[in-house]
Amino acid sequence: MRWLSGPRPGDRKPVPDVRAMVQAALGGEFEVPTIDGSKTRVKVSEGTQSGRRFRLHGKGMPVLRSRQVGDMYVQVVVETPQKLTKRQRELLSEFEKLSSKDTHPESAGFFGKVRELLGGRAGSG
């Protein structure tokens, strides 16, 4: 999502800005339109997670009774692919087999803890 900061703190307007899963995983750059009608580039690092916010200084809404311009905030929303071809499913399955807690630290942490918790109960009962 993009937020254009307004004249008062907290006065922001969200605009959706969706990125492909592959672009977020591999990193790169993308263009976003700004309030003045121009475009600016945003660099995303490899492994960017959905919800990550980027601040673009001086690209937001003009501040009332001032020459200042607010900041623009871009929030990445990662889109999960749908209607995969057979080959795409195979590639994602292969990716999953090669994945580890290093490639998925958040989910490995959460689900690993759940597995440990359930495994511990099953072993003691």
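Residues numbered from 1 in each chain as written. Predicted model: local features only at pLDDT ≥ 70, side-chain atom pairs only at ≥ 80, totals over all residues. Heavy atoms only, no water.

(A) Structural detail: unusual backbone geometry. In the Ramachandran plot, Arg-65 falls in the positive-phi region, its phi being about 55 degrees despite a non-glycine side chain. Within the secondary structure layout, Arg-65 lies in the loop between strand 6 (53–56) and strand 7 (72–75). The phi torsion at Lys-83 lies on the positive side, around 50 degrees, for a residue other than glycine. In this structure, Lys-83 sits in the loop between strand 8 (77–79) and helix 2 (86–98). The class for Lys-83 is exposed, based on a relative accessible area of 81%. (Helix = DSSP H or I, 4+ residues; strand = E, 2+ residues; numbered from the N terminus. Buried < 20%, exposed > 50% of the residue type's maximum accessible area, 1.4 Å probe, protein only.)

(B) Spotlight on a nonpolar patch on the surface. Side chains of Met-21, Val-22, Leu-26, Leu-92 and Phe-95 sit close together on the surface and give an oily, nonpolar patch of about 450 Å² of accessible area. Listing elements by their share of the nonpolar patch, those giving two or more residues are helix 1 (21–26) and helix 2. Among the elements that line the nonpolar patch, the one with the most residues is helix 1, at three residues. Here Phe-95 lies in helix 2. (Patch = residues over 30% accessible without salt bridge, like charges linked within 9 Å, V, L, I, M, F, W, Y side chains within 5 Å. Areas by Shrake-Rupley, 256 points an atom, 1.4 Å probe, with all protein chains shown as cover. Salt bridge = Lys/Arg side-chain N within 4 Å of Asp/Glu carboxyl O.)

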